[in-house]
Amino acid sequence: MLTRYPIGLAATAVALAIAGRRLAYVFGLVSSGRPAPGRLTQKGRARLELEEVVEQRRLLRWRLPGVAHAFTFWGFCVLILTIIEAYGELFQRNFAIPGIGHAAVVGFAEDFFACAVLIAVFVFSVVRLRSSPKREGRASRFYGSNTAVAWITLGMIALVVVTLLVYRAAQTNTGDFPYGWWAFASHGLGRALRPLGVQANRTVATVFVDLNVVVVMAFLVLLVYTKHLHIFMAPLNIAYTRQPSRLGALDKTPEIDLETMDEETIFGAGRIDHFTWKQLLDLVTCTECGRCQSQCPAWSTGKSLSPKLLVMDLREELFRGTKQALVPNVVTDDVLWACTTCGACVEECPVDIEHVDAIIDMRRYEVLNEARFPPEAASMLRNVESRGDPWGLGASKRLEWTSGLDFEVPVVDGEIPDDVEYLFWVGCAGALDERARKTTQSIARLLHRAGVSFAVLGPAESCTGDPVRRLGNEYLFQVQAHRNIEALTSAGAHKLIASCPHCFNSLSKEYPALGGNFEVVHHSQLLDRLIAEGKLRPNRLDAKVAYHDPCYLGRHSQVYDPPRSVIAAVPGVSPVEMGRCRERSFCCGAGGARMWLEEQGTRINLERADEALATGADVVATGCPYCLIMLDDAVKVRGREEEVKILDVAQLFERSMEVPASR
Ligand code: SF4
Ligand code: SF4
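Just so we're clear, the structure is a prediction, and the values are computed from it rather than from any experiment.

Student: Can you help me understand the overall build of the chain in this one?
Tutor: The helix and strand inventory of the chain stands at 28 helices and 8 strands. Counting every position in the chain, which comprises 663 residues, the buried fraction comes to 49%. Considering only intrachain contacts with a sequence separation of at least 6, the fraction spanning at least 24 residues in the chain is 80%.

Student: Explain the sheet that holds strand β4 (residues 519-522) to me, please; I cannot follow it from the model alone.
Tutor: Hydrogen bonding along the main chain pairs the strands of a sheet, whether they run parallel or antiparallel. Read across the open sheet, the 4 strands follow the order β2-β1-β3-β4; overall the sheet is parallel. Edge positions in the sheet fall to β2 (454-455) and β4, since each of these pairs with one other strand and no more. Summarising the sheet, strand β3 (residues 495-498) and β4 pair through 4 bridges and their orientation is parallel. The residue of β4 that forms the bridge with alanine 498 is histidine 522. Along the sheet, helix α24 (residues 523-532) contacts β3 and β4; its crossing angle with β4, the most-contacted strand, is approximately 80°.

Student: Explanation requested: the sheet that holds strand β7 (residues 619-622) in the structure shown.
Tutor: Strand order in this open sheet of 4 strands is β6-β5-β7-β8, and the pairing throughout is parallel. Looking at the sheet topology across the chains shown, the edges are occupied by β6 (573-576) and β8 (645-648). Each adjacent strand pair in this sheet contributes to an overall mean axis angle of 35°, direction not counted. When β7 meets β8, the two strands line up parallel, connected through 4 bridges. Residue pairing in the sheet places alanine 621 in a bridge with leucine 647 of β8. Sheet contacts for helix α27 (residues 625-637): β7 and β8; angle to β8, the most-contacted strand, approximately 175°.

Rules of the game
- Residues numbered from 1 in each chain as written.
- Chains lettered and ligands numbered in written order.
- Predicted model: local features only at pLDDT ≥ 70, side-chain atom pairs only at ≥ 80, totals over all residues.
- Helix = DSSP H or I, 4+ residues; strand = E, 2+ residues; numbered from the N terminus.
- Buried ≥ 20, exposed ≤ 12 C-beta atoms within 10 Å, placed from the backbone.
- Contact = placed C-beta atoms within 7 Å.
- Pairing = 2+ DSSP bridges.
- Axes fitted to C-alpha atoms, helices over the stretch in contact; angles between N-to-C directions.

So this is what it looks like as structure tokens:
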């Protein structure tokens with residue numbers, strides 16, 4: 001006994017001192033961040049903890065590593081009991097936890113999870129070997145992660161369990177073990193040790209219980225100095241994640257009041273200490289799992305941006321504490337401007353890291369404080385500012401799309417008449433781009449046929465500001481937003497139809513922060529309802545249709561089913577899904593103002609179009625004018641435009657109505 005507790009307790013004291021100091025340092029770093037308004041008071045934390053920590057829902061989206069991680073997590077929760085027992089054993093050979101220490105179910109659970117954790121370690125090892133960066137290069141989700149530390153950690157986990165099982169096995173031969181045969185692994189291993197005799201088993205138990213405590217403590221120190229800090233940080237980061245959604249509206253809508261601003265005013269984040277404490281907490285929570293990297297369209301097409309590497313670089317800067325300019329010292333221009341804000345990284349991250357907000361904060365600083373942005377974006381910014389649309393075509397062109405219709409579209413002049421239910425927000429692309437105008441006309445004809453009364457703002461409509469906001473020009477966004485809110489409010493608009501998911505997102509989720517509260521529906525949602533009510537009846541259209549989820553309709557707004565229902569409502573259509581669909585849809589490359597920026601390497605729209613073409617579909621349907629333009633361009637580059645049509649769901653549906661009904 002005398003040899004037991006000095007070693008165990010000395011190891012514990014040293015480890016707790018080191019780990020405690022480190023944790024205090026990390027908490028100091030995180031709390032040095034700027035305030036994160038609302039994060040400490042928001043509701044729904046218990047549900048998030050239940051779903052994402054206890055149930056491991058997000059991790060389980062990746063079946064094999066998810067199950068292995070879930071068993072490791074649950075295993076360590078149960079194995080806390082064995083740590084209590086090990087400390088008890090240091091002082092009393094036949095220690096049992098008071099009350100439950102002899103219960104068969106406890107003995108079984110401990111042994112079951114000890115074995116499960118060992119199996120999980122094996123699974124993790126296979127996963128890491130199979131997707132090793134050496135084998136797969138950039139395609140590996142572990143590319144750029146600290147793989148050596150990951151291997152050491154797996155070794156430590158195995159060591160914790162092995163030392164545990166050996167001391168328990170030895171105890172089964174000394175009469176000190178508190179559990180019967182339900183502790184199957186301990187007893188099974190104990191049989192192998194039985195020939196050593198009681199005295200030798202006692203020595204083995206002493207050595208291995210000490211070893212177990214020492215390994216657990218060494219593991220604790222390893223955790224707080226590596227990416228495995230996430231064991232402590234993830235539950236916190238999840239508790240303070242943005243609600244109700246980490247996507248959709250951007251996080252902060254800063255007060256931009258030119259009267260109160262001076263040269264010292266900081267927009268966004270130009271140095272590491274400009275981030276909020278939640279954004280710094282994000283950095284120390286990253287597990288380097290690479291799930292975000294594997295889904296990032298920029299990284300997948302050979303660009304420098306990886307959301308994982310971005311977070312790791314920022315974390316390094318946090319620990320360095322140099323407070324240098326982030327761009328280009330920590331984050332290069334190539335990385336910063338490559339993001340399409342598609343949200344795939346945020347959607348995938350198992351510990352709720354909010355990459356998009358951090359990227360936009362860095363863009364805000366570059367644009368507003370440094371007046372730096374890709375030169376090709378200048379004309380888009382100028383056009384929005386002076387002409388109200390990214391192409392600079394001007395308000396006078398906004399009604400041209402109506403000329404192809406055989407009915408009158410009411411244009412609001414003053415207040416919307418009482419007998420008009422909806423204000424149709426056409427959007428810049430829908431009003432001004434040749435291809436997107438066809439979608440707008442289809443939507444208008446379908447609404448007209450279904451008897452839905454609607455009007456448009458026409459020249460009074462202006463860019464919602466989505467592209468300028470995503471580019472980092474928060475000031476211009478707010479100017480646009482206020483102008484539109486004013487136009488909508490003075491028109492008495494309450495119910496809006498948006499055909500562009502970017503407009504849909506800004507109008508419904510970003511304008512409320514600036515005082516504009518409207519009920520906004522995407523046209524696919526409204527068409528779905530009209531079809532269900534029998535107000536629109538399709539005819540047969542034989543076609544194989546693949547649906548492309550636009551990022552701002554899907555991940556950012558959770559509208560996945562209505563467009564699919566519109567497609568499925570057409571008799572004769574056989575819908576097919578692309579490999580990457582719904583939450584995992586692959587971006588078209590236009591979001592985040594990327595539509596107006598030069599693209600390096602493989603074009604994202606080509607990669608997506610290739611995926612769509614591989615399905616053998618006759619029609620690729622979508623619900624966004626930008627996706628439509630990008631995919632249409634890509635199909636033309638591939639020379640397949642004659643065989644495969646890129647259509648909005650509204651166009652597809654309308655085409656079926658043009659087919660004569662069969663008898
Ligand atoms: S938002 Fe999309 S493009 Fe940007 S870092 Fe995340 S996954 Fe990559
Ligand atoms: S940011 Fe999230 S998904 Fe990406 S590597 Fe870190 S923990 Fe994994």
